[in-house]
Amino acid sequence: MMTDKLNSGLIESMKEKIPEGANLANLLMDILYIGKEAVYRRLRGEVPFTFTEAAVISQKLGVSLDQLIGANFGGNALFGLNIVHYADPVETYYTMIDGYTKIFRELKREPESELATSSNIIPQTLYMKYDMLSRFRLFKWMYQHDKIDCTNHCYDDLVLPEKLLQRQKELVDEAQQFESTCHIWDSMIFQYLVNDIKYFTKIHLLTEDNVFQLKTELLQSLDELEEIAMKGKFASGKDVHIYISNINFEATYSYAASKYRHVSMIRIYAINSITSRDTEVFGNLKEWIRSLRKFSTLISQSAEMQRIQFFKKQREIIAEL
């Protein structure tokens with residue numbers, strides 16, 4: 001009886017997730033690699049979906065298995081930790097970035113796609129196209145966890161593989177293809193990064209040349225972001241709304257969503273994010289980001305004076321390096 005209920009619930013959840021007009025049987029044949037008759041036997045309830053099949057369906061269609069079995073009735077939800085493994089941090093970091101890139105690539109194609117972030121650091125989706133800035137973020141994490149030998153100016157010893165650099169640029173590109181994007185920034189996001197660079201310079205882990213290169217990329221990113229804010233659009237032509245918050249954030253929250261599915265992300269441990277496809281988590285996180293607008297000023301295609309003042313202040317902060 002329980003198996004029948006779970007199987008029926010899974011089928012109903014899939015019907016809710018697929019695009020209007022799509023054929024569920026054909027879709028399942030594609031993602032499960034099973035024949036038409038095997039699919040219809042499952043849809044008729046003659047054969048239950050296996051756990052492996054349910055897991056694949058959950059991943060591909062965004063069906064929440066924890067919600068399906070009632071795990072969230074007690075206020076619980078499942079999260080993916082996406083933790084960088086200490087044994088091979090660069091390779092597992094690549095796996096994380098690759099995973100986010102694939103999620104964005106799938107969601108951006110669907111109707112009503114949107115990406116939103118409230119950030120207390122410069123978002124990955126904006127800085128990862130810059131090699132020195134992206135390397136510094138990973139370097140800081142590796143130094144903190146003693147995963148790099150830092151006897152002398154070890155920043156130069158951290159060489160990121162070409163496939164990681166390429167995937168980071170792809171992540172940035174995919175993130176700018178959503179129909180609508182919203183960024184709400186803590187007004188201190190550049191100050192926080194400059195403080196970090198100053199610290200590593202004082203303990204002799206960054207050379208003058210390193211600092212010059214980081215400073216150059218920061219100014220380049222600032223020029224790019226100011227142009228985006230003026231136009232209210234990315235180079236892709238997609239809309240973006242940028243807000244500057246008048247209060248500080250304790251963490252960075254993000255979500256990517258479409259008409260049919262969604263994923264929520266909360267930044268932890270500097271370079272990691274825990275993720276969830278739980279509907280209740282998504283609703284709460286989306287409402288949290290939206291609520292921050294009441295404390296914020298929209299500077300994209302509006303508030304010209306505030307926009308000019310903000311970017312002028314950031315250049316002054318970067319000039320301290």
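From a predicted model like this one, the values you see are computed outputs, not experimental measurements. (Residues numbered from 1 in each chain as written. Predicted model: local features only at pLDDT ≥ 70, side-chain atom pairs only at ≥ 80, totals over all residues. Heavy atoms only, no water.)

**Quick notes on the packing of helix α2 (residues 24–32) against helix α3 (residues 36–43)**
A pair of packed helices can be characterised by two numbers: the angle between their axes and the separation between those axes.
Here is step 1: Across the interface, α2 lies against α3 with an axial gap of 9 Å and an inter-helix angle of 120 degrees. Judged by the inter-axis angle, α2 sits oblique to α3. Here α2 and α3 pass one another in a crossing that is right-handed. Between α2 and α3, the contacting residues are L24, A25, L28 and M29 on the first element and K36, V39, Y40 and L43 on the second.
Here is step 2: Among the residues forming the contact of α2 with α3, the class breakdown is 7 nonpolar, no polar and 1 charged. (Axes fitted to C-alpha atoms, helices over the stretch in contact; angles between N-to-C directions. Helix = DSSP H or I, 4+ residues; strand = E, 2+ residues; numbered from the N terminus. Parallel < 35°, antiparallel > 145°, perpendicular 65-115°, else oblique. Left-handed = near helix turned anticlockwise from the far one by under 90°. Contact = heavy atoms within 4.5 Å. Nonpolar A, V, L, I, M, F, W, Y, C, P; charged D, E, K, R; others polar.)

**Notes on the environment of L10**
Here is step 1: Note on placement: L10 falls in helix α1 (residues 2–17).
Here is step 2: Remark: the alpha-carbon pair of L10 and P48, spanning 38 residues in sequence, is separated by 9.9 Å.

**Re the sheet that holds strand β1 (residues 114–119)**
Here is step 1: Pairing is mixed in the open sheet, where 7 strands are placed in the order β6-β5-β4-β1-β2-β3-β7. With one partner strand each, in any of the chains shown, β6 (272–276) and β7 (296–298) form the two edges of the open sheet. Within this sheet the neighbouring strands show an average axis-to-axis angle of 15 degrees, counted without direction.
Here is step 2: Both strand β2 (residues 180–186) and strand β3 (residues 239–245) contribute to a ladder of 7 bridges, which runs parallel. Note on β3: the bridge partner recorded for S180 is D239. (Pairing = 2+ DSSP bridges.)

**Some thoughts on the nonpolar core**
Here is step 1: Among the nonpolar cores identified, the biggest contains 63 residues, and Y93, F104, F136 and F139 are the most heavily contacted of them.
Here is step 2: The contacts of F139, once residues within four sequence positions are left out, are I148, C150, C154, Y155, L158, F200 and L205.
Here is step 3: Within the second largest apolar cluster, 16 residues are counted, among which are M14, A25, F49 and I57. (Core = buried A, V, L, I, M, F, W, Y, C linked by side-chain atoms within 4.5 Å. Buried < 20%, exposed > 50% of the residue type's maximum accessible area, 1.4 Å probe, protein only.)

**Focus on unusual backbone geometry**
Here is step 1: The backbone of Y33 sits at a positive phi, close to 55 degrees, despite the residue not being glycine.
Here is step 2: Positionally, Y33 belongs in the loop between α2 and α3.
Here is step 3: Of note in the backbone geometry, H204 takes a positive phi value of approximately 65 degrees without being a glycine.
Here is step 4: Following the sequence through the fold, H204 ends up in the loop between α10 (189–202) and α11 (208–231).

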